[in-house]
Amino acid sequence: MNLLVGLSFLWLVLVVSASGCTQNSSSDLLKKPNPTLLEVAKLQQEDETLLRDIAPDQIMKLTKGMERYAEQAVMGARGDDHKVAALHAALVSSPQAGGLGIQYRAAATLSVADVFSKREANCLSFSLLFVAMARHVGLNAHLNNVQVPPTWVMNGEKLQFMRHVNVKVNLRFSRDDIVVDLDLTNYRAYYPQSLIDDDIAIAQYYNNLAMSTHESDAATPMQLALMRKAISIAPKQSYLWNNLAALYWRWSLPKVAEALYLQAARLEPKDMTAIWNLSELYRIGGQDELAGALALAAQGYRDSNPYYQYRLAVLEYSDQNFEQAAHRIERAIEKQPEEKRFYRMAADIYQRLGLTKKWQQAQSQL
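Residues numbered from 1 in each chain as written. Predicted model: local features only at pLDDT ≥ 70, side-chain atom pairs only at ≥ 80, totals over all residues. Heavy atoms only, no water.

## Focus: the confidence of the model for the protein
Here the protein averages 83 in pLDDT, while 85% of its residues score no lower than 70. For the stretch residues 1–25, pLDDT sits under 50, and the model shows 112 contacts to residues farther than four places along the chain or on other chains. (pLDDT = per-residue confidence, 0-100. Contact = heavy atoms within 4.5 Å.)

## Side note on the nonpolar core
Formed by 89 residues in total, the largest nonpolar core has its most connected members in Leu91, Phe130 and Met133. Take this core: its biggest share by element is 10 residues, from helix H7 (residues 123–136). Sequence-distant contacts of Leu91, defined by excluding residues within four places in its chain, comprise Tyr69, Leu100, Gly101, Ile102, Phe126, Leu129, Phe130 and Met133. Core analysis: the next-biggest nonpolar cluster, separate from the first, contains 16 residues, Ala332, Phe342, Tyr343 and Ala346 among them. (Core = buried A, V, L, I, M, F, W, Y, C linked by side-chain atoms within 4.5 Å. Buried < 20%, exposed > 50% of the residue type's maximum accessible area, 1.4 Å probe, protein only. Helix = DSSP H or I, 4+ residues; strand = E, 2+ residues; numbered from the N terminus.)

## Some remarks on the packing of aromatic side chains
Across all of its chains, the model carries six aromatic pairs by this definition. Residues Phe126 and Phe130 carry aromatic rings whose centres are separated by 6.3 Å and whose planes lie at 35 degrees to one another, so their mutual orientation is tilted. Here Phe126 pairs with Phe130, and both are found in helix H7, just four residues apart, close to one helical turn. A centroid spacing of 6.0 Å and a plane angle of 80 degrees characterise the contact between Trp249 and Tyr261, whose relative ring orientation is edge-to-face. You can see Trp249 sitting in helix H10 (residues 238–250) and its partner Tyr261 sitting in helix H11 (residues 254–267), a full 12 residues away along the chain. Comparing Trp249 with Tyr261, the two get one shared label, buried. (Phe/Tyr/Trp six-rings, centres within 6.5 Å; stacked < 30°, edge-to-face > 60°.)

Pasting the structure below:
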């Protein structure tokens, strides 16, 4: 699947044991988060110092030159639909065709001014830019959260769950609207979606910055500051609490991480990311019964994850259960066929099984 669907990152833990149950039972298993430990989510004085160059009101701010560019892009366009098309073309068409030629880059969480100058963006930053410009030229544009099919990316040893946002423009004198996306090939009108306030998108912006700057195993003060800023803007977004919990877990503070994960699950009982991470936290902490019950609750979510299937394939391979390993790695490839490490694993398995044709097919993908 094309990773143009990427938006904000949810840090996950690879679960190595599980079975099945209903999601509804998970809320009965969880205690209330310790309110004292939740205090770590509040902005600190030092956070404002670290974030002085990333002010919320600057993220979507257009320069005078950008305003003129938007005005010129839609000059002569009649009707909102033609204005939308003209503005989109001005941003994404090649310089040879008279556009900026903005390109997708997953890590390019940039302010709209930086997107304009660097001509690269992820889906969030592009959407922020388009909304800001569209509103300047009189269009009724909104940020739109899209629930794309589950998509995961392995970043080093960390697993990231991808989200997606695009733009909806309501047309005057019509019941219709237009969707604007950096990559419409991965968008489907039937995907569940909902308009979001600018504040929610700005919080996602800070979240992206925090979750994409992990150069070491230890969380940095800047990452914590970014996540606390995100929560201060959108405190009801469960995935923000989940991500802050992941940072504190990396700081070897499991009690704090537990409280934050519990808060995420409390805000959104169907947040299987938090349930999954709690099950792993409890498993590592020796609370096997609770860990198992929560793992059961997250079964469907977990089984849809190709990297979970990959992990099971590795375990089966280690135990020399090569046929089961083949079954697992084939499920992983089916769900995410562009992941090279799956084919490397498949080639090793097929070689052990003596499946020369399948081994050759796997090798051809490397």
